[in-house]
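# Results of the structural survey
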Amino acid sequence: MDMSFWTTALPLIFMAIMGLALLAYVILDGYDLGVGILLPFATDAEKDVMVSSIGPFWDANETWLVLGVGVLLICFPMAHGVVLSALYLPATVMLIGLIVRGVAFDFRVKARDTHKTTWNRLFAAGSLVTTLAQGWMLGAYITGFKNDTWGLLFSAGIAITLPAAYAMLGAGWLLMKTDGELQRKAMRWGQGVLWPMGFALMGISLASPLVSHTVFAKWFVLPELFALLPIPLACVAAFFAIRHVLGSPRVVEAGYGWIVFVATVVIFVLAFFGLAYSLYPYIVIDRLTVWQAASATESLIVIGVGVAITLPAIIIYTIFMYRVFWGKARELTYGL
């Protein structure tokens, strides 16, 4: 293969790796952020079990964020400069939320009983702040970092939507990892965020073409419109599958609570591919294409060697970790 092939293909390959890494982060860290958001609604004993359910996983889940941002920095330096310059403040807020959350996770178990409530609150606050910041960053990215009224309202809309979606992921996770009263509470929490999540996602889906002419042109053109209809229809089917399971305690008790988590993941995945289709070939919408933002082909080849080693290692470790620590969660304890 000549160099022209790699010049065209490598930026697309790394764009796919970056996108899939960020999708993995949103799903994997999304459920443990959701558990953190739900923490204030549980009893003290239930809080311990909830934190235990994400204890072995949450730190490793953030590896996918590091991978995604790392690929953006090294493979698309021009886009990295534009994106992080525009998102400096929300990115800083997100990092502060992650730091607070990480500190609270460790200290809540080791602190005295009088301080444990404070660390629980900080863990929940860190989870919520991180989620809000991520929602704002996504909204700003879709609008091409427009700072007009509609752009800011759209970013705010996604910022207040994402906590409901993450809370649904968290509720689905707890349905799989817990039993008894906490599992029944997780059902109620899921019912509480289901319709807010549904209406918010529908509103944002309708608003996206209005705030971005590029998105409008991709979706509302024949015959592409008919080819893309399965995406929203599948999202609707997944939504009502969640609703059915959450309204059927016997289904959950029979061991099918995982349907809630899987159906929510399906909605996230379909939304991701819909967004990817809407933005292609731009990495910064209406400003930089994938090829314009990419590093030199020779550099991408060298980077590809490193990614070919790193990515399988992360995948294998993730699969191994989930296999080892799978099963129902119990109260989290630390050895002395």
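For the structure itself, look to the data block above.
In this numbering scheme, every chain counts its residues from 1 along its sequence in written order. Selection of residues for local features in this predicted model requires a pLDDT of at least 70, selection of side-chain atom pairs for listing and counting requires 80 or more, and totals for whole chains, interfaces and linings are taken over all residues. Side-chain descriptors were evaluated using all non-hydrogen atoms of the structure, hydrogens and water having been removed beforehand.

## Describing the overall build of the chain
A tally of helices and strands in the chain yields 16 helices and two strands. Each radius of gyration is computed over the set of C-alpha atoms, and the globule rule expresses the reference value as 2.2 Å times the number of residues to the power 0.38. Computed over the C-alpha atoms, the radius of gyration of the chain is 21 Å, within 12% of the 20 Å expected from 2.2 N^0.38 for a compact globule of 336 residues. With respect to the principal axes defined by its C-alpha atoms, the chain has extents near 60 × 45 × 40 Å. Only protein chains enter the accessibility calculation, which uses a 1.4 Å probe; a residue is then buried when its area is under 20% of its type maximum, exposed when over 50%, and partly exposed in between. Per-residue burial for the chain yields a buried fraction of 48% across its 336 residues. In what follows, a contact means two residues having at least one pair of non-hydrogen atoms within 4.5 Å. Considering only residue pairs separated by 6 or more positions, the chain has 81% of its internal contacts joining residues 24 or more positions apart. Calculation of accessible area relied on Shrake-Rupley with a 1.4 Å probe; when residues are assessed, cover is drawn exclusively from the protein chains displayed. For the chain, the computed accessible surface area is about 16600 Å², with 72% contributed by carbon and sulfur atoms. Positive charge is attributed to Lys and Arg, negative charge to Asp and Glu, and no charge count is given to His or to the chain ends. Where a charge lies is defined by one atom per residue type: Lys uses NZ, Arg uses CZ, Asp uses CG and Glu uses CD. Charged side chains of the chain number 19 positive and 18 negative; the gap between the two group centres comes to 8 Å. Numbering of helices and strands runs from the N terminus, with a helix taken as a DSSP run of H or I at least four residues long and a strand as a DSSP run of E at least two residues long.

## Section: the packing of helix 2 (residues 44-54) against helix 6 (residues 88-110)
Angles run from 0 to 180 degrees between N-to-C directions of axes, and those axes are lines fitted to C-alpha atoms, restricted for helices to the stretch in contact. Packing of helix 2 against helix 6 leaves a shortest axis separation of 12 Å and a crossing angle of 120°. One way to sum up the angle between helix 2 and helix 6 is to call them oblique. In this structure, the crossing between helix 2 and helix 6 has a hand that is left-handed. Here helix 2 contributes Lys 47, Asp 48, Val 51 and Ile 54 to the contact with helix 6, which in turn contributes Arg 101, Phe 105 and Arg 108. Just so you know how the angles are binned, under 35 degrees is roughly parallel, over 145 roughly antiparallel, 65 to 115 roughly perpendicular, and the rest oblique. Crossing handedness: left-handed means the near helix sits turned counterclockwise from the far one by under a right angle, and right-handed means the same turn made clockwise.

## Looking at helix 12 (residues 230-246)
To estimate how far a helix should reach, multiply one less than its number of residues by 1.5 Å. For helix 12, built from 17 residues, the straight-helix expectation of 24 Å at 1.5 Å per residue is met to within 8% by its first-to-last C-alpha distance of 24 Å. Residues Cys 235, Ala 238, Phe 239, Ile 242, Val 245 and Leu 246 constitute the buried set of helix 12. Taken around the axis of helix 12, the buried residues stretch over an arc of 130°, which confines them to a single face. Opposite the buried face of helix 12, at more than 90 degrees from it, the exposed residues are Leu 233 and His 244. As for helix 12, its buried residues are in contact with helix 8 (149-177), helix 9 (180-211), helix 13 (249-256) and helix 14 (258-279). Throughout, the arc means that of the directions going from the helix axis to the C-beta atoms.

## Digging into the pattern of salt bridges
By definition here, a salt bridge exists when the distance from a side-chain nitrogen of Lys or Arg to a carboxyl oxygen of Asp or Glu is within 4 Å. Inspection of every chain in the model, using the stated rule, returns seven salt bridges. Residue Glu 62 pairs with Arg 101 through a salt bridge whose shortest N-O separation is 3.6 Å. Here Arg 101 lies in helix 6 and Glu 62 lies in the loop between helix 3 (58-61) and helix 4 (63-75), a separation of 39 residues in the sequence. Both residues of the pair, Glu 62 and Arg 101, count as buried. Its salt-bridge partner being Glu 181, residue Arg 184 comes within 3.3 Å of it at the nearest N-O pair. One end of the pair is Arg 184 and the other is Glu 181, both in helix 9 and three residues apart, which spans about a single turn. Assessed through its relative accessible area of 36%, Glu 181 is described here as partly exposed. Sharing partners across several salt bridges, the network here consists of Asp 32, Glu 62 and Arg 101.

## Points about unusual backbone geometry
Leaving glycine out, the prevailing phi sign among residues is negative, and the prevailing peptide bond configuration is trans. For the bond running from Tyr 280 to Pro 281, omega is 5°, close enough to zero to count as cis. Inspection of the secondary structure puts Pro 281 in the loop between helix 14 and strand 1 (282-284). Even without being a glycine, Phe 145 presents a positive backbone phi close to 65°. Phi angles above zero are rare outside glycine, and Asp 286 is one such case at about 65°. You can see Asp 286 is positioned in the loop between strand 1 and strand 2 (288-289).

## Points about the packing of aromatic side chains
Stacked, tilted and edge-to-face are the three classes applied to pairs of Phe, Tyr and Trp rings, where Trp contributes its six-membered ring and a pair requires centres within 6.5 Å; stacked means planes under 30 degrees apart, edge-to-face means over 60, and tilted covers the rest. Counting across every chain of the model gives 20 aromatic pairs. With centroids separated by 6.3 Å and ring planes inclined at 90°, the aromatic side chains of Phe 57 and Phe 325 adopt a geometry described as edge-to-face. With a gap of 268 residues between them, Phe 57 in the loop between helix 2 and helix 3 and Phe 325 in the segment after helix 16 (297-324) connect regions that are remote in the sequence. Here a set of aromatic residues connected by ring pairs shows up, and it is made of Tyr 31, Phe 57, Trp 173, Phe 261, Tyr 322, Phe 325 and Trp 326. Two thresholds decide whether a charge sits over a ring: the Lys NZ or Arg CZ must be within 6 Å of the ring centre and within 35 degrees of the ring normal. Residue placement shows Lys 177 over the ring face of Trp 326; its charged tip is 5.0 Å from the ring centre.

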